[in-house]
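# A look at the structure
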Amino acid sequence: MSVETLWALPARETRRQVRFHQSVRDERPGRFTYADYAVQVARAADLAGFDGLLLPNDPDGDEPWVLGSALARETRHVKIVPEFEPRFASAVYAAKLAFTFQRFFNDRLGWMLQLDDAADEDRFLRAQELLVVAEGVWGEAPFDFTGRFFSVAGGALFALHRTQNVRAGIRRFPAVYASGDDEGLLAFSARHADVHVFAALEPQTLTVLLGRHRRLADDAGRAVRYGLRVPIVAREYATEARTERDRLIAAGYPFAGALTGSYADIAERLHAYAEIGITSFVIDAVPRLEEAYRLGEYLLPLLHAPLLERAG
Amino acid sequence: MALRSERLPVYWRIPMTGDMSSWRNAPKTRGDWTPRSAGSLAPGRRDDGPGGYTYLDYMTEVARAAEAAGFYGGLLPSFPETDDPWIASAAMARATTTFRFMIAFQPGFLDPVQTARMSATLQRLSHGRVVYNIITGGGGPQQHWWGDFVGHDDRYARTAEFLDVLKGVWSGAPFDYAGDFYQVTNGGLRGALAGLPVPDVYFSGSSDAAIDAASAHADYYLSWLEHPHDLERKFDRVRERTALLGREARFAVRAHVIARPTEEEAWREVRLGWERVRPDQIEMLRNRKAESVGSRRLAAYQPGVPTGYEDLIIAPNLWSGIALLGDFPTIGIVGSYEQVAERLDDLVRIGADALVLAGLPHLEEAYRVGEEVLPLFLGRAALDVEPPRVAASVAGAAR
C-alpha cells in the first residue's frame, strides 16, 4: 500500500511581507509577487518528495489555474491540483485548459471541485454535466450532449489527440477530487469523484463516513479513493510541537485541531488513518516553505517506510 | 488620436499549433502535430517519457527570441486545434521579463468573473503584461464545438455584457450586475487582486455587429491585413462609429511577412512554397464556406483559378496566398527588408497604432524581422515622411 501526499499551498501568504524602516534601503518593492514565493514552496514540496500541490480557491488570493501553470513550469514531479467552481468556464473550455496542461506538464493535473456553496441548489447537477462533457470531448470521436448548464455538438479534442506521441499514449483526464461531508456531496462524489477528501475527524467517526461513502460508490459500481485534509505541527519532541502549535494559534492560524507531536507520533496517527482506508493526505503546515523541507526530511520517511514493509 | 510621440507597439505571433521549418516545407516539424514526419522535432521523442520537453518549451523559446529581438509582446491565438493561451502565458510569463501576452479568447469560454481573477493573477505574476484579443464572431460547427449555441449577433451583446462585468468586478467591490447573460451579486476583485491595471482590449471582427461592439469597448480594433484601400475604408467605418460614442478609435493590423535581403529572394520563397500547393488545396480554399465576415472579405481576394503564385499578388509586396501555405490569414507582405518596412509604414499612414507580425519559422524569423526590418520601420514617424514611390512593376521582380 502506498499513500499520496499533497502539500496545501494557499493563494496568498501574509507572513512574508516584512517591510523595512523607510531609512533602510530595500530593492524589493515592485519586483516580487506572491508567485515568486509560491514557486519556492512548490519547489520545496517537489524536492522534499511530496506527490502534489493542492491550490485552494480563495477569492482574496491568486487564481489557482494561472498560479498552477506558473508553478508547473518550475517543478518537475509534483501533481498540481487547482480548486475551482464548476461554473468557472464552459465545459469544453475546462477540458481544453486541462488538456493543454497535461500536454505541457506531462499529465500532472488534478481537479479539486469546489462545491461548498450551499445556496447554489444546482451545484451538483452543474458539476456532473461539467464532468460528462469534459470527459466526453476528451476522446477522439465527436461528442454531443445537451444539458441544462453545458451543451456541445461535435466536440472532441481530436486535433490535440493527433499530436500524441505513439508511445507516450493519450493524455490522462485529471483525477477528480471532491471534499466535504454533507449528504449531497457524499452522493455526488460517490458517483463522480476519483478521490473524496474528508476533514481530519477522529478515525472512529471517519470509519462510519467511509463506510457510508463506500456503499454509495458500490451502488454506482465505482471505487473511490479517500483523502484527508490534515493540519500538522511536528517537531523532534512533542513539547516543541505543542509550543509551536500554540504560537500558530496565537498568530491566527486555524491549527487548534492540528495533529501535534513528534515525527514518530504524527507518523503513527497517519498510519492509523491509512489502516481505515485513507490513501491520500493533504497536509497543511506553516510556514509552507520551511515545513515542506522539515516534513519531507523527518515525516515522509516514517510515513512511507512501514507502509512499504507491509506491502513487501 | 494617439500622440505622435507615443511609441508604436509591435507584437509577434506565438505559434499555438506547432511551427513549420520554412514556407517551403508543409509538415509542422516543431511540436507534436506531425510527429512522424521526416525531421520532426516532436518533444518527448528522445525518450518518450515524462519529464522530457513539451511543446511549451519551444513556444517559450519563440517568446524569448521575440523579446530579445525587441518585440513588445506576442499574440497567442486560440482555435479548437490549438493549445490554450492562458496556461501557456502563465508559464511563459515566468521565463520572460518585458514580453506582453495578448491572449485570444471568446467570451463564451470563461465566466467573466473568473476571467477577471485569472487576468489579475497573471498581471501580478507578470508585472502587468496581459493584453486581451477578444474574438466574438465566426459561428457554425466550430462554435458548437466550443459548446456555444448563442447566435452571431447575440454573441456581440454577450461580449458587451462580458466586458461590462469584467471591468465592473475589476473596479472593486461591491459590484452587482443583472444582464441577460450574466448576473453578479456583491462581486468585485478583492485583496491581492484589487487595484491592478486593466489589460488593453484588442477586438477583432468585421461584421456590423462587431464594429459596433468594438466602437464601444475596444482599445484597439484589430484587423487582418487586407488591401490598404479596403483596410482604410474599414478603419473609417470604425472611426465613425467610435466617434459617435465620443471615443477615439485605435487600430492594429496582423500580417505575416516574408522578408529577405532582396525582393527576388523573398518571392523565390513564395514560389518554392507555391510549388508544393496541390490543386485541391486551392479548390478547397476557394470553396470554403466562411462563417465569419472577415473570412469572406479575405476570400474575395482569390481570383477565379490562379495559374501561378503571381496571380495572387494584389498590390506591390502584398500576396494573397498565405493561407495556401499554412493555417494563416490570407494576405501577407513579401519583399526586401526595406520594402517590408515601407509597407508597414504604409499601414501606419492609414491608421495603424499597433502591429502583430509573424513569419516562418517563428523563432528564427523573430530575430530576422527584429534585426533587419524593425530598425527600418519608422513607426509613427512615418506620418511625417512622404511615402516612397513604389516600383511600378508589381510582380516583375518576382520572375
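The structure this text deals with has already been given above.
Everything quoted here is computed from the prediction, not taken from an experiment.

## Focus on the overall build of chain B
A tally of regular secondary structure across chain B gives 13 helices and 13 strands. Here chain B has a C-alpha radius of gyration of 21 Å; the compact-globule value for 399 residues is 21 Å, and the two agree. Taking the principal axes of its C-alpha atoms as reference, chain B extends roughly 65 × 60 × 40 Å. Relative to its full complement of 399 residues, chain B shows a buried share of 52%. Nonlocal contacts in chain B, meaning residues at least 24 apart in sequence, comprise 69% of its contacts between residues at least 6 apart.

## Thoughts on the nonpolar core
In terms of nonpolar packing, the biggest core is built from 209 residues, with Leu53(A) and Leu355(B) touching the most fellow members. Examining the composition of this core, we find that 10 residues originate from one element, helix α3 (residues 91–104) of chain A, more than from any other. Beyond its immediate stretch of four places on either side in the chain, Leu53(A) contacts Leu6(A), Trp7(A), Leu9(A), Ala42(A), Ala45(A), Leu71(A), Val78(A), Ile80(A) and Val81(A).

## A short note on helix α13 (residues 362–373) of chain B
Since the α-helix packs 3.6 residues into each turn, any two residues three or four apart lie on the same face. Residue and element names in this part refer to chain B. Three or more residues of α13 are buried, namely His362, Glu365, Ala366, Val369, Gly370 and Val373. Take α13 and look down its axis: the buried residues cluster within an arc of 130 degrees, on one side only. Elements that come into contact with the buried residues of α13 comprise β1 (10–13), α1 (55–68), β9 (251–260), α12 (337–349) and β13 (352–358).

## With respect to the packing of helix α5 (residues 152–170) of chain B against helix α6 (residues 208–217) of chain B
Residues and elements named next belong to chain B. Here α5 crosses α6 at 10 degrees, and the two axes come no closer than 9 Å. With respect to each other, α5 and α6 are oriented roughly parallel. Of the residues in α6, those in contact with Asp153, Tyr156, Thr159, Ala160 and Leu163 of α5 are Ala209, Ala210, Ala213, Ala216 and His217. Looking at the contact of α5 with α6, its residues break down into seven nonpolar, two polar and one charged.

## Observations regarding the pairing of β9(B)
Residue and element names in this part refer to chain B. Among the 10 residues of β9, nine are classified as buried, and the element is accordingly described as predominantly covered. Judged from the four bridges that link them, strand β8 (residues 220–224) and β9 form a sheet pairing that is parallel. Counterpart to serine 223 in the pairing with β9 is valine 253. Here β9 runs beside β13; their pairing, made up of six bridges, is parallel. The residue of β13 that forms the bridge with alanine 252 is alanine 354. Two strands pair when backbone bridges link them, and β9 and strand β12 (residues 332–336) are joined in this way by five bridges, in the parallel orientation. Note on β12: the bridge partner recorded for alanine 259 is glycine 335.

About the criteria used
- Residues numbered from 1 in each chain as written.
- Chains lettered and ligands numbered in written order.
- Predicted model: local features only at pLDDT ≥ 70, side-chain atom pairs only at ≥ 80, totals over all residues.
- Helix = DSSP H or I, 4+ residues; strand = E, 2+ residues; numbered from the N terminus.
- Rg over C-alpha atoms; globule rule 2.2 N^0.38 Å.
- Buried ≥ 20, exposed ≤ 12 C-beta atoms within 10 Å, placed from the backbone.
- Contact = placed C-beta atoms within 7 Å.
- Core = buried A, V, L, I, M, F, W, Y, C linked by C-beta atoms within 7 Å.
- Arc of directions from axis to C-beta.
- Axes fitted to C-alpha atoms, helices over the stretch in contact; angles between N-to-C directions.
- Parallel < 35°, antiparallel > 145°, perpendicular 65-115°, else oblique.
- Nonpolar A, V, L, I, M, F, W, Y, C, P; charged D, E, K, R; others polar.
- Pairing = 2+ DSSP bridges.

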